[in-house]
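# Structural characterization, general
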Amino acid sequence: MSASVARVRESAIVEGEYPFSRRNFEQIATFLRANTGIALNEAKAALVYSRLAKRLRLLGLRNFDEYCRYIETADGAQEQHEMINALTTNVTRFYREPHHFDHLRQDMAPRLVQLAKQGKRVRLWSAACSSGEEPYSMALTMLDVCPDVERYDVKILATDIDAKIVARARLGVYREEAVAPIPAATRERWMARERDGAAKQWRVKDAVRSLVTFNELNLIGSWPMRGQFDVIFCRNVVIYFENDTQELIWRRFKEVMKADARLYIGHSERIDVPGFESAGLTIYKLGDV
Ligand SMILES: C[S@@+](CC[C@H](N)C(=O)[O-])C[C@H]1O[C@@H](n2cnc3c(N)ncnc32)[C@H](O)[C@@H]1O
């Protein structure tokens, strides 16, 4: 490496309380890409700095050189998870992209409920579930169509790479503002109102929670589940991945979709691999290869 390249790598990429060089940023970005698929470019350096500066403060470290060394040590293994959690974006909401839930309610659920009533196994997957609003919206949609759906073999798998957010999702407790998109009648029926000090909150009732199984799962790691899915929601996550990784994920979904399954993706995502056909706005089905 030439002296001038070395100088650039050692130069500050963000000016702040903790020295943060281009080399530190590259090390963090390389780690994140290898372990989550998330690709960061230099435009995200300030965001990385602000999210990780809190970790440095908490750990009592003086600079990002120390932090980058720490995550490589045996003691720092847990910090790798904390770093991933800090750098993932968990923004979500109930019934986000409502046309997907309209489609699920009108075009998928009636057929799936019929299959379930014939004794068939019905499986839905929220493949980056964040704090749970997405899988619970899927559950509420199924319950709209069949209020006693829990009597049948209908299950929703909800997974995310971030263990802490999965734990929050499993808890199923939401602030008043978060439940605003849920129609009042649905909310009254399937959620219980609580107080947390001065704040009002809502707890998803057991009849809804029992439909959903939450697990930690890295989309670029191995997928341990057996069996295929009727519905997959994978929304607003591959947008953070490079094209090759996105393509790999789409190809893997193909393997776990039943012949009549539908895959719902985020509004700014698209699928460009053979074997998928459009089934609506950001909704895909299997087609001819
Ligand atoms: C912006 S949220 C999207 C949540 C929800 N699907 C929605 O559209 O509202 C993105 C989620 O993807 C998760 N995520 C990021 N990389 C992941 C990976 N490699 N495997 C599984 N989940 C991942 C994040 O932890 C985060 O909760």
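This structure is a prediction, so every number in the text was calculated from the model and none was measured.

Moving on, we get to the overall build of the protein. Across its full length, the protein carries eleven helices and twelve strands. C-alpha atoms of the protein, sized along the principal axes, occupy 70 × 55 × 30 Å. Burial status across the protein gives 48% buried among its 289 residues. Contacts in the protein between residues far apart in sequence, at least 24 positions, make up 67% of those at least 6 positions apart. As displayed, the protein offers around 14,200 Å² of accessible surface, 50% of which is attributable to carbon and sulfur atoms. Each charge class in the protein was averaged separately, 43 positive and 39 negative side chains, and the resulting centres sit 3 Å apart.

Relative to the helices and strands, Ser2 resides in the segment before helix H1 (3-10). A C-alpha to C-alpha distance of 44 Å links Ser2 and Ala127, two positions 125 residues apart in sequence.

One pass over the full model with this rule turns up 21 salt bridges. Of the charged contacts, one joins Arg23 and Glu10 as a salt bridge, the two residues approaching to 2.5 Å between their closest N and O atoms. Within this pair, whereas Arg23 is found in helix H2 (residues 22-36), its partner Glu10 is found in helix H1, the two being separated by 13 residues in sequence. Judged by its relative accessible area of 25%, Arg23 is partly exposed. Exposure remark for Glu10: the relative accessible area of 42% places this residue in the partly exposed category. Arg235 is the salt-bridge partner of Glu134, the closest N and O atoms lying 2.8 Å from each other. Highlighted residues: Glu134 in helix H7 (residues 133-145) and Arg235 in the loop between strand S9 (229-234) and helix H11 (243-256), separated in sequence by 101 residues. Arg235 matches Glu134 in its accessibility class, with the two residues each being buried.

Bringing the packing of helix H3 (residues 45-59) against helix H5 (residues 77-87) into the picture now. For any two helices packed against each other, one specifies the crossing angle of their axes together with the interaxial distance. Following both chains from N to C, one finds H3 and H5 inclined at 145°, their axes separated by 9 Å at the closest point. Here H3 and H5 pass one another in a crossing that is right-handed. Taken together, the residues of H5 that come into contact with H3 (itself represented by Val48, Arg51, Leu52, Arg55 and Leu59) are Glu79, Glu82, Met83, Ala86 and Leu87. Classifying every residue of the contact of H3 with H5 by side-chain character gives six nonpolar, no polar and four charged.

Of all hydrophobic cores here, the largest spans 51 residues; its most connected members are Trp125, Leu219, Ile232, Phe253 and Leu263. Sorting the residues of this core by element identifies strand S1 (12-14), H2, H3, helix H4 (64-70), H5, S9, H11 and strand S10 (257-265) as the ones contributing at least two each. With six residues, H3 is the largest single contributor of residues to this core. Built from parts of two domains, this core gets at least three residues from each of domain 1 (3-87) and domain 2 (98-286). Leu219 has contacts with Trp125, Ala127, Cys234, Val237, Ile249, Arg252 and Phe253, leaving out every residue within four places of it along the chain. Judged by nonpolar contacts, the second largest core, of 42 residues, contains Leu124, Cys146, Tyr174 and Phe233.

With that out of the way, let us pick up helix H8 (residues 163-171). For H8, the complete set of buried residues consists of Ile165, Val166 and Ala169. Angularly, the buried residues of H8 cover 105° about the axis, an arc narrow enough to put them on a single face. Away from its buried face, by an angle of more than 90 degrees, H8 presents the exposed residues Lys164 and Arg168. Residues of H8 that are buried sit in contact with H7, strand S4 (154-160), strand S5 (173-175) and strand S8 (212-216). Immediately downstream of H8, the backbone of Gly172 shows phi near 65°, a positive value.

Per the domain assignment, the segments of the protein are domain 1 (3-87) and domain 2 (98-286). Relative to domain 2, the C-alpha centre of domain 1 lies at a distance of 32 Å. Taken together, the contact pairs ten residues of domain 1 with ten residues of domain 2. Around 800 Å² of area is buried between domain 1 and domain 2 when both sides are counted, 50% of it from carbon and sulfur atoms. If you look at where domain 1 meets domain 2, you find two salt bridges. Among the salt bridges present, the one from Lys164 reaches Glu82, with a minimum N-O distance of 3.1 Å. Across the domain 1-domain 2 interface, the total number found is five residue pairs in polar contact (both at pLDDT 80 or more).

What counts and what doesn't
- The numbers attached to residues start from 1 for each chain and follow its sequence in the written order.
- Note on the predicted model: pLDDT of at least 70 is required for a residue's local features to be given, and 80 or more for side-chain atom pairs to be given and counted; whole-chain, interface and lining totals, by contrast, use all residues.
- As a rule here, side-chain values cover all heavy atoms of the structure and leave hydrogens and water aside.
- Helix numbers and strand numbers start at the N terminus; a helix is a DSSP run of H or I with at least 4 residues, a strand a run of E with at least 2.
- Relative accessibility decides the category of a residue: with a 1.4 Å probe and only protein chains considered, values under 20% of the type maximum give buried, values over 50% give exposed, and everything between is partly exposed.
- Contacts are residue-level and defined by heavy atoms, with any inter-residue pair within 4.5 Å sufficient.
- Shrake-Rupley sampling with a 1.4 Å probe provides the accessible areas, and residues are treated as covered by the protein chains on show and by no other component.
- Note on charges: Lys and Arg go in the positive column, Asp and Glu in the negative column, and His and the chain ends are not counted at all.
- To locate a charge, the coordinates of NZ of Lys, CZ of Arg, CG of Asp or CD of Glu are taken.
- Here, a salt bridge means any Lys or Arg side-chain nitrogen found within 4 Å of an Asp or Glu carboxyl oxygen.
- Note on method: axes are straight lines fitted to C-alpha atoms, helices fitted across the in-contact stretch only, with angles between N-to-C directions ranging 0 to 180 degrees.
- Left-handed describes a crossing whose near helix is turned anticlockwise from the far helix through less than a right angle; right-handed describes the clockwise counterpart.
- Polar here means any residue outside two lists: the nonpolar Ala, Val, Leu, Ile, Met, Phe, Trp, Tyr, Cys and Pro, and the charged Asp, Glu, Lys and Arg; Gly therefore counts as polar.
- By nonpolar core is meant a set of buried Ala, Val, Leu, Ile, Met, Phe, Trp, Tyr and Cys residues that side-chain atoms within 4.5 Å join together.
- Domain delimitation in this document rests on an assignment produced automatically or drawn from a domain database.
- This arc corresponds to the set of directions leading from the helix axis out to the C-beta atoms.
- Note on terms: buried area is the combined drop in 1.4 Å-probe accessible area of two parts once they are placed together, counting the loss on both.
- What qualifies as a polar contact is a pair of N or O atoms within 3.5 Å, subject to a donor-acceptor requirement within protein and to the restriction that residues adjacent in sequence count only when both atoms come from side chains.

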